[in-house]
Amino acid sequence: MDSKRRAAEKAVEFIKDGMVVGLGTGSTAFWAIEKIGENVKNGMQLKAVATSVQTEKLARERNIPIVPFEEIEAIDLTIDGADEVDKHYNLLKGGGGALLREKIVAFHTSFYIVVVDESKLVEKLGRFPLPLEIVPFGADLTLHILQENFGKVNLRKSNGKLYSTDNGNLIADVHSFPIEEPARLDQELHAVPGVIETGLFSRSLVSKIIVGTKGSDIRIITVEK
Ligand code: A5P
C-alpha cells in the first residue's frame, strides 16, 4: 500500500463516533476521505466540514455528511496533507490551492493531524514555492511588491488561464528558499495589502504528524505545544 495511504488510514483511526471532522484537500487527504467513507458505510456517525469544493464533492459521493461551516461551533479533528514539514514541525501548504479554507479549518480544530509521506520532511521550508492567496483587485501591484521584497513570484495558471481559488481569488507562488523564520515571514506577508493568506502553517496548529515511510512503517510524531 502506498505510503500516503497508510499515513491517511492511520489518522482515520483517531476519529471517534459523533465527532465533527475537518476534511483536507489533496492526494493524501483523499485516502482519509476514502477510509472515512468506508467507516460511515459501516455505521460510524460523524459530521464533516470540507476544506475545498473538490473535497466536498468527493465526500458527498461517499455519503459522508457534510455540514456548512456556519452551522458548527468547533471541529474536533482534522486530517490534512502538507507540501513540506520542517524540523520544527511548521508546515508549508497550498500546493492544491486550498490554503485559505485549510487554514481556517485548522485554526478552529482541536486535534489537527497532518498526513504525509517521508518526501515531505525537510530541514527548512521553501524549496516548494510558497503559495499565497491574493485578491484580484490590484493583483499586479501586489505581485510587484511581493517580487521586490520576497523573491521571484509566479501567478498560478491552470489550463492556460489564471487559477481561481474556491473563494474567487488568485494564487501567487513565491520562490523564497530557504525560509529561515516562517512565523516572521508569515507576518511580513500578511502586512502586504491584497495578501489574504499564506501557505505557512505554524506548528502551534498541529497535534500529530503521521508519516508514511517507504517500508510498511508509519511514524507518528506528537507535536508538543
Ligand atoms: C492543498 O491546498 C494542499 O495544502 C495540500 O494539503 C498539500 O498540497 C498536500 O497535497 P498532497 O497530499 O497531494 O501532496
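So, how was this worked out
- Residues numbered from 1 in each chain as written.
- Predicted model: local features only at pLDDT ≥ 70, side-chain atom pairs only at ≥ 80, totals over all residues.
- Heavy atoms only, no water.
- Pairing = 2+ DSSP bridges.
- Helix = DSSP H or I, 4+ residues; strand = E, 2+ residues; numbered from the N terminus.
- Axes fitted to C-alpha atoms, helices over the stretch in contact; angles between N-to-C directions.
- Contact = heavy atoms within 4.5 Å.
- 1 Å grid on protein atoms, 1.4 Å probe; cavity = no way out; pocket = protein on both sides within 12 Å on 5 of 7 lines; lining within 4 Å.
- Points joined across faces, edges and corners; volume = space filled by probe spheres on them.
- Nonpolar A, V, L, I, M, F, W, Y, C, P; charged D, E, K, R; others polar.
- Polar contact = N/O pair within 3.5 Å; in protein donor to acceptor, adjacent residues only side chain to side chain.

Asker: Residues and numbers for the sheet that holds strand S7 (residues 130-134), please.
Answerer: Sheet architecture is open: four strands sit in the order S8-S11-S7-S12, paired in antiparallel fashion. The open sheet terminates on both sides in strands that have one partner only, identified here as strand S8 (152-155) and strand S12 (195-198). In this sheet, neighbouring strand axes are inclined to one another by 30° on average, regardless of whether the strands run parallel or antiparallel. Lying on the sheet, helix H6 (residues 182-190) is in contact with S7 and S12; it crosses S12 at an angle near 165°.

Asker: Describe empty space enclosed by the protein, listing the residues and the values that go with them.
Answerer: Throughout the structure, instances matching the rule amount to one cavity of 30 Å³ or more. Within this model, the largest cavity holds a volume of roughly 30 Å³. Surrounding the largest cavity, Thr51, Gly97, Ala98, Leu99, Leu100, Arg101, Glu133, Thr165, Asp166 and Asn167 form its lining. At three residues, helix H4 (residues 99-107) tops the list of elements feeding residues into the lining of the largest cavity. Partitioning the lining of the largest cavity into residue classes produces three nonpolar, four polar and three charged.

Asker: Please give an account of the side chain of Arg156 that cites residues and values.
Answerer: Residue placement: Arg156 occurs in the loop between S8 and strand S9 (157-158). Within the structure, the side chain of Arg156 is placed 3.2 Å from the backbone oxygen of Gly94, a separation counted as a polar contact. Setting aside residues up to four positions removed in sequence, Arg156 forms contacts with Gly94, Gly95, Gly96, Gly97, Pro131, Lys161, Leu162, Tyr163, Ile171 and Asp173.

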